[in-house]
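Chain by chain, the residues:
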Amino acid sequence: MTSSIPGSCCFTGFLHQGDPKGEIEQINNFRAYVARPEGDKTPNKAVILLSDIFGIFPNSQLVADAFAVNGYLCVLPDLFNGDQVSIADYDAKAIDIGAWISRHTVEDVASIVEATIKYLRTNLDVQNVAAAGYCFGGKYVVRYLKAGQLASGYIAHPSFVTKEELGAIQRPLSISAAEHDPIFTMANRHASEETLIGTGQEFQINLFSGVSHGFAIRGDISQPRVRFSKEQAFAQAVAWFNHTL
């Protein structure tokens, strides 16, 4: 296992402040939040944002908006068909983690990811398609770094990624890692380095000190170190896509 299965750290976090600017649209039979670069009606580059277990919520919407500000059409599909977790429910102990995970199989989530890629390539004629995955979503970035699928990938504090999936990538990958992470541990990180070297693909791993799993999407940004790390992790993603697309 390159990164372990989700644990309690995947179900906690802080809401970020801001007003999402994009719109909820329908793709096939699922919802998606879509953020478009201002003044560009036919963008030729897109980022699919594959979320953590909180799905379409303010934090992920604001990140999608930020990709749009940087010139990328960004699509945030609802990977859970309305069954995303809320921070409040977890804090109230109203979520059975094991049961929730069992309701969202690889096949179910993969079908939504595949439909989103097809929608961008076929319906919108966007051929330069990348993906950014956070925690739960990181697995599906790795799975689709293939010819004709995703051209480039970025993941932050990933979970559920197997060595076989990582070793099979055919396109470049960038990773943001947290110093304190029981899911993507130091041992997992070092093992991932060896696996990535074996792929022959261009890759990057940045380690952010003093922060924990989830910092790049739901960290407590009232803490200066967490805010800095979150902002730099996002800058890493944008720089990576600017370089590889």
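Report on the accompanying structure. Because the structure is a prediction, the values reported are computed rather than measured. (Residues numbered from 1 in each chain as written. Predicted model: local features only at pLDDT ≥ 70, side-chain atom pairs only at ≥ 80, totals over all residues. Heavy atoms only, no water.)

## Structural notes on the nonpolar core
Residues I48, L50, V113, F136, L150 and L173 are the most contacted members of the largest nonpolar core, which totals 46 residues. Taken together, the elements giving at least two residues each to this core come down to strand 2 (30-35), strand 3 (45-50), strand 4 (73-77), helix 3 (97-102), helix 4 (106-123), strand 5 (128-134), helix 5 (138-143) and strand 7 (173-180). Looking at which element gives the most residues to this core, the answer is helix 4, with 8 residues. With residues up to four places along the chain from it excluded, the contact list for L150 reads I48, I117, V129, A130, A131, Y140, V141, Y144, L145 and R171. In this structure, A132, A216, F234 and F241 belong to the second largest nonpolar core, which totals 30 residues. (Core = buried A, V, L, I, M, F, W, Y, C linked by side-chain atoms within 4.5 Å. Buried < 20%, exposed > 50% of the residue type's maximum accessible area, 1.4 Å probe, protein only. Helix = DSSP H or I, 4+ residues; strand = E, 2+ residues; numbered from the N terminus. Contact = heavy atoms within 4.5 Å.)

## Considering the sheet that holds strand 1 (residues 23-27)
In space, the 8 strands of this open sheet follow the order 1-2-4-3-5-6-7-8, with mixed pairing throughout. Two strands lie at the open edges of the sheet, namely strand 1 and strand 8 (203-212), each paired on one side alone. In this sheet, neighbouring strand axes are inclined to one another by 25 degrees on average, regardless of whether the strands run parallel or antiparallel. Examined bridge by bridge, strand 3 and strand 5 share 6 bridges and lie parallel to one another. Within the sheet, the bridge partner assigned to L49 lies in strand 5 and is A132. Relative to the sheet, helix 9 (residues 224-244) contacts strand 3, strand 5, strand 6 (152-156), strand 7 and strand 8, its axis offset from that of strand 8 by approximately 170 degrees. (Pairing = 2+ DSSP bridges. Axes fitted to C-alpha atoms, helices over the stretch in contact; angles between N-to-C directions.)

Honestly, it's all geometry; don't read function into it.
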